[in-house]
Amino acid sequence: MMTTTPLSVAELTRRRRQILADIGMTEDELCECAQTGLCSDQWAALAELDEIDCLIAAQAREERLAG
């Protein structure tokens, strides 16, 4: 079984920025789009960003606990 090294908060943050650049939207535009439901073509990006946000929170906790 293969184990993977968790990405750092900085790496995850860079990935977030890349996703936003790939879809050509700012964070605010994407949030507004999600709230109005007018961006059904961006649901995959929203889901990936949600997953990254969870990973960032978990990794930040781990980094704080590690000292």
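Engineer: I'd like to hear about the nonpolar core, residue by residue, with values.
Structural biologist: Ranked by size, the top nonpolar core spans 12 residues in total: Leu 12, Ile 19, Leu 20, Met 25, Leu 30, Cys 33, Cys 39, Ala 45, Leu 46, Leu 49, Ile 52 and Ile 56. For this core, the secondary structure elements donating two or more residues are helix 1 (9–23), helix 2 (27–36) and helix 3 (43–66). If you tally residues by element for this core, the top one is helix 3, at 5 residues. The residues contacting Met 25, other than those within four sequence positions of it, are Leu 20, Leu 30, Cys 33 and Gln 42.

Engineer: Which residues make up the environment of Asp 50, and what are the values?
Structural biologist: Secondary-structure assignment places Asp 50 in helix 3. You can call Asp 50 partly exposed: its relative accessible area is 49%. Separated by 34 residues in the primary sequence, Asp 50 and Arg 16 place their C-alpha atoms 9.6 Å from one another.

Engineer: Any details on the pattern of salt bridges? Residues and values, ideally.
Structural biologist: Applying the stated criterion across every chain yields a total of 3 salt bridges. Notably, a salt bridge pairs Arg 15 with Glu 48, separated by 2.8 Å at the nearest N-O pair. One end of the pair, Arg 15, is in helix 1; the other, Glu 48, is in helix 3, and 33 residues separate them in sequence. A salt bridge links Arg 16 to Asp 53; the nearest nitrogen and oxygen atoms lie 2.5 Å apart. In this pair, Arg 16 is assigned in helix 1 and Asp 53 in helix 3, connecting sequence segments 37 residues apart. The exposure class of Arg 16 is buried, given its relative accessible area of 12%.

Engineer: I'd like to hear about the packing of helix 1 against helix 3, residue by residue, with values.
Structural biologist: Packing of helix 1 against helix 3 brings their axes to within 9 Å, and their N-to-C directions diverge by 165°. Between helix 1 and helix 3, the angle is such that the two are roughly antiparallel. The hand of the helix 1/helix 3 crossing is left-handed. Residues Val 9, Leu 12, Thr 13, Arg 15, Arg 16, Ile 19, Leu 20 and Ile 23 of helix 1 form the contact with helix 3, whose own contacting residues are Ala 45, Glu 48, Leu 49, Ile 52, Asp 53, Leu 55, Ile 56, Gln 59, Ala 60 and Glu 63. A per-class count over the contact of helix 1 with helix 3 returns 11 nonpolar, 2 polar and 5 charged.

Engineer: Can you tell me about the side chain of Arg 16, naming the residues and giving the values?
Structural biologist: Here the side chain of Arg 16 touches Asp 53 through a polar contact of 2.5 Å, side chain to side chain. For Arg 16, the residues in contact, after removing those within four places along its chain, are Glu 27, Leu 49, Ile 52, Asp 53 and Ile 56.

Conventions we followed
- Residues numbered from 1 in each chain as written.
- Predicted model: local features only at pLDDT ≥ 70, side-chain atom pairs only at ≥ 80, totals over all residues.
- Heavy atoms only, no water.
- Core = buried A, V, L, I, M, F, W, Y, C linked by side-chain atoms within 4.5 Å.
- Buried < 20%, exposed > 50% of the residue type's maximum accessible area, 1.4 Å probe, protein only.
- Helix = DSSP H or I, 4+ residues; strand = E, 2+ residues; numbered from the N terminus.
- Contact = heavy atoms within 4.5 Å.
- Salt bridge = Lys/Arg side-chain N within 4 Å of Asp/Glu carboxyl O.
- Axes fitted to C-alpha atoms, helices over the stretch in contact; angles between N-to-C directions.
- Parallel < 35°, antiparallel > 145°, perpendicular 65-115°, else oblique.
- Left-handed = near helix turned anticlockwise from the far one by under 90°.
- Nonpolar A, V, L, I, M, F, W, Y, C, P; charged D, E, K, R; others polar.
- Polar contact = N/O pair within 3.5 Å; in protein donor to acceptor, adjacent residues only side chain to side chain.

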